[in-house]
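Notes for the structure review
Residues per chain, in single letters:
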Amino acid sequence: MVPTGRNDRQKLGRDVPRLRARRLRQQNIIKFVIIALTLLFLLVPLLAMLLFTVRQPLSGQWSFSAWHAIFTGNGDDLGTDMTVLWQGVRISLALCLITVAIMLVLLLPVMVMTYLNSPMLATVVEWVSTLPLTIPAIVLVVGLAPIYRWLSADLLSTNPIWLCFAYVILVMPFAYRALAVGMKSIDLRTLVEASRSLGASWSRVFFRVLIPNLWQSILSASFISLAVVLGEYTVASLLGRVNLQVALYQLGQSNSQISTAMALLALLFGIVLLVVLDIIADSIRNRRNAS
């Protein structure tokens, strides 16, 4: 006669794979439900925007005239002047490039030097860099308005391109976090000491050793900064400057369908940036693992 304990162990051994399979099915169902709800939450507003751009609100007729006006650059058929839109697009793209360049030139060397030489000072830099995240944009404008009034009257001009100085402040918390993740993931001090011991100059260490190892973080900081600049409205509006979001608001006063279509394109551009960032990050990681 087989002992009861042995029978129980055999039964338990047969039940374990079945229980694991059941648990795996339950987890897959939960994951599917969460992903489906998230996609609905994200895609339903975008779909509503798309339908609004192709369906006339009064007559109910379907038309792609708004999209045709954007891609041809001519809104005369709809009685809309597209000049302000293209002006806002050009200014925002220029602001993206200049803001990212200033942010990297200011933030990257300071973070590297403080991480290497003064951890206490690195804490101060972190606090200063993330401080704008806790200050509302309208409060920043109150402090920036007198500065921009002086810059516009006495030093520079009223060209919206000078918003880059304010935008560097706005993107700094996000850029700092992205760069900090990269610096904490590598042994920064060992890389620098090894390079210096082999006779490399500081400039060579920075450009040939550190930047290639921080390339993924630099791309992350740059793309996040681009998304912030493209979506910024409060500072530009209150300072009386025209960027993409201000142009979309002004255009919406005369033709809301064209304004909504352009806003949808801007959102899709941000999504494409994130996808490109993920692809580039995977490519860099695979190349590094292969080498």
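As a reminder, the structure under discussion sits directly above these lines.
So, here is what we can say about the structure in this document. (Residues numbered from 1 in each chain as written. Predicted model: local features only at pLDDT ≥ 70, side-chain atom pairs only at ≥ 80, totals over all residues. Heavy atoms only, no water.)

With that out of the way, let us pick up the overall build of the chain. Each helix and strand counted, the chain has 12 helices and 0 strands in total. In the chain, the order of α-helices and β-strands from amino to carboxyl end is α-α-α-α-α-α-α-α-α-α-α-α. Relative to the globule expectation of 19 Å for 291 residues, the C-alpha radius of gyration of the chain, 27 Å, shows a markedly less compact shape. With the C-alpha coordinates aligned to their principal axes, the bounding extent of the chain is approximately 95 × 70 × 35 Å. By the burial criterion, 36% of the 291 residues in the chain qualify as buried. Counting contacts in the chain only where the partners sit at least 6 residues apart, residues at least 24 apart contribute 73% of the total. Total accessible area on the chain is roughly 17,900 Å²; 67% of this is exposed by carbon and sulfur atoms. (Helix = DSSP H or I, 4+ residues; strand = E, 2+ residues; numbered from the N terminus. Rg over C-alpha atoms; globule rule 2.2 N^0.38 Å. Buried < 20%, exposed > 50% of the residue type's maximum accessible area, 1.4 Å probe, protein only. Contact = heavy atoms within 4.5 Å. Areas by Shrake-Rupley, 256 points an atom, 1.4 Å probe, with all protein chains shown as cover.)

Glancing now at the environment of leucine 238. Assignment of secondary structure puts leucine 238 in helix 10 (residues 234-238). Each C-alpha atom, one on leucine 238 and one on arginine 22, is 58 Å from the other, the two residues being 216 residues apart in sequence. Setting aside residues no more than four positions away along its own chain, leucine 238 makes contact with Ile138 and Val141.

Turning our eyes to something else, we now look at the pattern of salt bridges. Where side chains of opposite charge bring their charged atoms close, a pairing between them can arise. For the structure on display, the rule yields 1 salt bridge. Arginine 177 is paired through a salt bridge with glutamate 126; the nearest N and O atoms lie 2.9 Å apart. Here the residue arginine 177 occupies a position in helix 6 (residues 164-184), and glutamate 126 occupies one in helix 4 (residues 119-130), the gap between them amounting to 51 residues. Here arginine 177 falls in the partly exposed class, since its relative accessible area comes to 43%. (Salt bridge = Lys/Arg side-chain N within 4 Å of Asp/Glu carboxyl O.)

Interhelical geometry of helix 7 (residues 188-197) versus helix 8 (residues 202-213) gives an angle of 140° and a closest axis separation of 10 Å. Considered as vectors, helix 7 and helix 8 are oriented oblique to each other. Regarding helix 7 and helix 8, the two cross each other, and that crossing is right-handed. Contacts from Leu188, Leu191, Val192, Ser195 and Arg196 of helix 7 reach helix 8 at Trp202, Val205, Val209, Leu210 and Asn213. Its residues assigned to classes, the contact of helix 7 with helix 8 shows 7 nonpolar, 2 polar and 1 charged. (Axes fitted to C-alpha atoms, helices over the stretch in contact; angles between N-to-C directions. Parallel < 35°, antiparallel > 145°, perpendicular 65-115°, else oblique. Left-handed = near helix turned anticlockwise from the far one by under 90°. Nonpolar A, V, L, I, M, F, W, Y, C, P; charged D, E, K, R; others polar.)

Another aspect to go through is a nonpolar patch on the surface. The grouping of Ile29, Phe32, Val33, Leu37, Leu40 and Val44 at the surface amounts to a nonpolar patch, some 610 Å² of accessible area in total. Note on placement: leucine 40 falls in helix 1 (residues 4-54). (Patch = residues over 30% accessible without salt bridge, like charges linked within 9 Å, V, L, I, M, F, W, Y side chains within 5 Å.)

Moving on, we get to the side chain of glutamine 257. Of note, glutamine 257 is situated in helix 12 (residues 256-290). Side-chain polar atoms of glutamine 257 contact the backbone oxygen of phenylalanine 52, separated by 2.9 Å. When residues no more than four places from it in sequence are discounted, the contact partners of glutamine 257 are Phe52, Thr53, Val54, Arg55, Gln56, Pro57 and Ala66. (Polar contact = N/O pair within 3.5 Å; in protein donor to acceptor, adjacent residues only side chain to side chain.)

This part covers the packing of aromatic side chains. As enumerated under the stated definition, the model contains 4 aromatic pairs in all. For the pair phenylalanine 206 and phenylalanine 207, a centre-to-centre distance of 5.2 Å together with 85° between the ring planes defines the contact as edge-to-face. Judged by its relative accessible area of 17%, phenylalanine 206 is buried. Using a relative accessible area of 53% as the deciding quantity, one classes phenylalanine 207 as exposed. (Phe/Tyr/Trp six-rings, centres within 6.5 Å; stacked < 30°, edge-to-face > 60°.)

Take glutamate 232: it is sitting in the loop between helix 9 (215-231) and helix 10. One buried charged residue, glutamate 232, remains without a salt bridge, the closest side chain of opposite sign being arginine 241 at 11 Å. At a separation of 2.9 Å, a polar atom in the side chain of glutamate 232 contacts the main-chain amide nitrogen of threonine 234. Apart from residues lying up to four places away in sequence, glutamate 232 is in contact with Tyr167, Leu170, Asn243 and Gln245. (Lys, Arg positive; Asp, Glu negative; His and termini not counted.)

The volume enclosed by the largest pocket comes to roughly 230 Å³. As for the largest pocket, its lining consists of Met49, Ala227, Leu230, Gly231, Gln245, Ala263, Ala266, Leu267, Phe269, Gly270, Ile271 and Leu274. Those elements giving two or more residues to the lining of the largest pocket turn out to be helix 9 and helix 12. Sorting elements by how many residues they give to the lining of the largest pocket places helix 12 first, with 7 residues. Split by residue class, the lining of the largest pocket holds 9 nonpolar, 3 polar and no charged. (1 Å grid on protein atoms, 1.4 Å probe; cavity = no way out; pocket = protein on both sides within 12 Å on 5 of 7 lines; lining within 4 Å. Points joined across faces, edges and corners; volume = space filled by probe spheres on them.)

For the coordinates displayed, the defined rule picks out 0 disulfides. Here cysteine 96 is not disulfide-linked; the sulfur of cysteine 164 is the nearest cysteine sulfur, at 12 Å. (Disulfide = S-S within 2.5 Å.)

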